[in-house]
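Each chain, written out:
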Amino acid sequence: HHLPFEEVKAMLAKEGLNDVDESFWEQVKANLGSVGELKDWWEMLHQPIQPVIEDADFTQAAAQLLPDGEWSEESWGEFVEKVKGETGRKGKQLFMPLRLALTGRTDGPELPKIFALLGRERAQKRLQGEAA
């Protein structure tokens, strides 16, 4: 994760990740231990996944609270505060259903980064239980 993009391009190509650009590399590299982990991030953010929905009422409500406009890592905190205020949930009861819906996984990359890179349209579909 300390390497500049120019030095990892060949490794990415061997993994079939020719579409990864320097901007994506710069945004996620600090969270990587291997090139294989980058593949997980790329697929999670650019390939349709089937979200895991354990509480459809909660994730549907969350989908209605997604921020408008351009997203950044700060957008996650704003979103979570809105969801918390509307639902009264906190801790694991707040975060785990959101993580499962947005990533299909119980663990993985930091949600503020994922949220910013995912974008509103894909996030909304996933929160509503649609593969996106």
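Please refer to the structure placed before this passage.
Throughout what follows, the structure given in this document is the object of discussion. (Residues numbered from 1 in each chain as written. Predicted model: local features only at pLDDT ≥ 70, side-chain atom pairs only at ≥ 80, totals over all residues. Heavy atoms only, no water.)

Take the nonpolar core next. Inside soluble globular proteins, nonpolar side chains tend to come together where they are buried. Ranked by size, the top nonpolar core spans 34 residues in total, and within it Val20, Phe24, Leu38, Trp76, Phe79, Leu98 and Leu127 carry the most contacts. Residue assignment for this core shows that the elements contributing at least two residues are helix H1 (5-14), helix H2 (22-28), helix H3 (35-46), helix H4 (56-63), helix H5 (73-87), helix H6 (92-103), helix H7 (111-118) and helix H8 (120-127). Looking at this core, the element that brings in the most residues is H3, giving five residues. Once residues lying within four places of it in the same chain are set aside, the contact partners of Leu38 are Leu12, Leu17, Val20, Phe24, Trp25, Val28 and Leu32. (Core = buried A, V, L, I, M, F, W, Y, C linked by side-chain atoms within 4.5 Å. Buried < 20%, exposed > 50% of the residue type's maximum accessible area, 1.4 Å probe, protein only. Helix = DSSP H or I, 4+ residues; strand = E, 2+ residues; numbered from the N terminus. Contact = heavy atoms within 4.5 Å.)

This part takes up the packing of aromatic side chains. Under the defined criterion, the tally for this structure stands at six aromatic pairs. Each ring, one from Trp76 and one from Phe95, has its centre 6.4 Å from the other, and the planes form 40°; the classification is tilted. One end of the pair, Trp76, is in helix H5; the other, Phe95, is in helix H6, and 19 residues separate them in sequence. On the accessibility criterion, Trp76 (6% relative accessible area) is buried. Its relative accessible area of 35% is what places Phe95 among the partly exposed residues. Summarising the aromatic geometry, the rings of Trp76 and Phe115 are spaced 5.2 Å apart at their centres and angled 65° between planes, so their arrangement reads as edge-to-face. In this pair, Trp76 sits in helix H5 while Phe115 sits in helix H7, placing the two residues 39 residues apart along the sequence. The class for Phe115 is buried, based on a relative accessible area of 0%. Among the aromatic residues, those joined into a cluster by ring pairs are Trp71, Trp76, Phe79, Phe95 and Phe115. Just above the ring of Phe58 sits the side chain of Arg89; from NZ or CZ to the centre is 4.0 Å. (Phe/Tyr/Trp six-rings, centres within 6.5 Å; stacked < 30°, edge-to-face > 60°. Lys NZ or Arg CZ within 6 Å of the ring centre and 35° of its normal.)

Burial in H4 covers these residues: Phe58, Thr59, Ala62 and Ala63. Each buried residue of H4 lies within a common arc of 135° when the element is viewed along its axis, so the set occupies one face. The elements touched by buried residues of H4 are H5, H6 and H8. (Arc of directions from axis to C-beta.)

Of note, Thr59 is situated in helix H4. Within the local environment of Thr59, its side chain forms a polar contact with the backbone oxygen of Ala56, the two atoms lying 3.3 Å apart. A polar side-chain atom of Thr59 sits 3.0 Å from the main-chain carbonyl oxygen of Leu127. Leave out the neighbours within four places in its chain, and Thr59 touches Ile53, Pro97, Ala101 and Leu127. (Polar contact = N/O pair within 3.5 Å; in protein donor to acceptor, adjacent residues only side chain to side chain.)

Our next topic: the environment of Ala101. With respect to the helices and strands, the residue Ala101 is situated in helix H6. The exposure class assigned to Ala101 is buried, which follows from its relative accessible area of 0%. A C-alpha to C-alpha distance of 14 Å links Ala101 and Trp76, two positions 25 residues apart in sequence. When sequence neighbours within four positions are dropped, the list of residues in contact with Ala101 reads Pro51, Val52, Ile53, Thr59, Arg126 and Leu127.

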